[in-house]
Amino acid sequence: MFFSEYRHNIDAKGRLSIPSDMRNQCGDSVFVTKGHDGCLAVYTEEGWEEYYKELLTLSKKKAKVRQYIRTITARVKKCDFDKLGRINIPLVLREAGHLVKECSIIGVGDYIEIWDSQMWDDYYNEGIESFDDISEELDDE
């Protein structure tokens, strides 16, 4: 399980260090793809296989489902860890995640998210303001 928040800078070549407590759970590589709300999603190999199986259960007769699957799978990239514990995120994914310099690496339970730190701070601060209201509504769904 992935938890906590870390901050690391991404370099000009797209290399980003993944914290060791997260990296130790990932094996030799991870799968990086577009995430929700402006971030990138990072899955272990097992996590990606599970997520992809869920995608396959969706009805491809629906245009929105086809669009979603294409968006997720077209630019997914298997990224190997280098000797320094970094992954090299391709430019197309860095652009999708708005990653330029400081990144926030967020543990979200079964996967990791990579955010531009300013976007993460804005998102988190907006969410924290309505945290109690959201918490109350969760039981209603």
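Everything in this summary refers to the structure shown in the same document. (Residues numbered from 1 in each chain as written. Predicted model: local features only at pLDDT ≥ 70, side-chain atom pairs only at ≥ 80, totals over all residues. Heavy atoms only, no water.)

1. Some thoughts on the pairing of strand β8 (residues 112-116)
Put simply, the rule reads: The cut-offs for exposure are 20% and 50% of the maximum accessible area for each residue type, with area from a 1.4 Å probe on protein chains only; residues under the lower value are buried, those over the upper are exposed, and the others partly exposed. Note on conventions: DSSP H or I runs of at least 4 residues are helices, E runs of at least 2 residues are strands, and numbering of each starts at the N terminus. Whether two strands pair comes down to DSSP finding at least two bridges between them.
β8 sits mainly inside the fold: five of its five residues count as buried. Covered by surrounding structure in β8 are Ile112, Ile114 and Asp116 together with Glu113 and Trp115, the residues of both alternating faces. Judged from the three bridges that link them, strand β4 (residues 40-43) and β8 form a sheet pairing that is antiparallel. Counted as the bridge partner of Leu40 is Ile114 from β8. When strand β7 (residues 102-107) meets β8, the two strands line up antiparallel, connected through five bridges. The residue bridging Gly107 from the neighbouring strand is Ile112, located in β8. Where β7 hands over to β8, the hairpin turn is made up of four residues, of which Gly109 adopts a positive phi near 85°.

2. Brief notes about the state of the cysteines
Inclusion rule: Note that a disulfide, as used here, is simply two cysteine sulfur atoms within 2.5 Å.
Scanning the entire structure with this criterion turns up zero disulfides. No disulfide involves Cys26; its sulfur sits 11 Å from the nearest other cysteine sulfur, which is in Cys79. Cys39 takes part in no disulfide bond, and the closest cysteine sulfur, belonging to Cys103, lies 11 Å away.

3. Some points on the sheet that holds strand β1 (residues 5-9)
The cut-off we apply is this: The axes used here are C-alpha line fits, helices contributing only the stretch in contact, and every angle between their N-to-C directions lies in the interval 0 to 180 degrees. It only takes one pair of heavy atoms within 4.5 Å for two residues to be counted as in contact.
Spatial strand order, β1-β7-β8-β4-β3-β5: six strands in an open sheet with antiparallel pairing. The sheet terminates laterally at β1 and β5 (77-80), the two strands that pair on one side only. In this sheet, neighbouring strand axes are inclined to one another by 30° on average, regardless of whether the strands run parallel or antiparallel. In terms of strand pairing, strand β3 (residues 29-34) meets β4 through four bridges, oriented antiparallel. The residue bridging Thr33 from the neighbouring strand is Ala41, located in β4. Here helix α2 (residues 45-56) sits on the sheet and contacts β3 and β4; the angle it forms with β4, its principal contact strand, is near 115°.

4. Here we look at the packing of α2 against helix α3 (residues 63-74)
As a reminder of what qualifies: Under this scheme an angle from 65 to 115 degrees is roughly perpendicular, one under 35 degrees roughly parallel, and one over 145 degrees roughly antiparallel; angles in between are oblique. Put simply, a crossing is left-handed when the front helix is turned counterclockwise from the back one by less than a right angle, and right-handed when it is turned clockwise.
The interhelical angle for the contact between α2 and α3, taken along N-to-C directions, is 160°, at an axis separation of 11 Å. When the interaxial angle is binned, α2 and α3 end up roughly antiparallel. The handedness of the crossing between α2 and α3 is left-handed. Residues Trp48, Tyr51, Tyr52 and Leu55 of α2 lie in contact with α3, whose contacting residues are Tyr68, Ile69, Ile72 and Thr73.

5. Digging into the packing of aromatic side chains
Worth spelling out the cut-off: Here is the rule: rings of Phe, Tyr and Trp (six-membered ring for Trp) pair when centre to centre is within 6.5 Å. Planes less than 30 degrees apart are stacked, more than 60 are edge-to-face, and the remainder are tilted.
In this structure the tally under the stated criterion is ten aromatic pairs. Pairwise contacts between aromatic rings join Phe31, Tyr43, Trp48, Tyr51, Tyr52 and Tyr111 into one cluster.

Taken by themselves, the reported measurements are silent on function.
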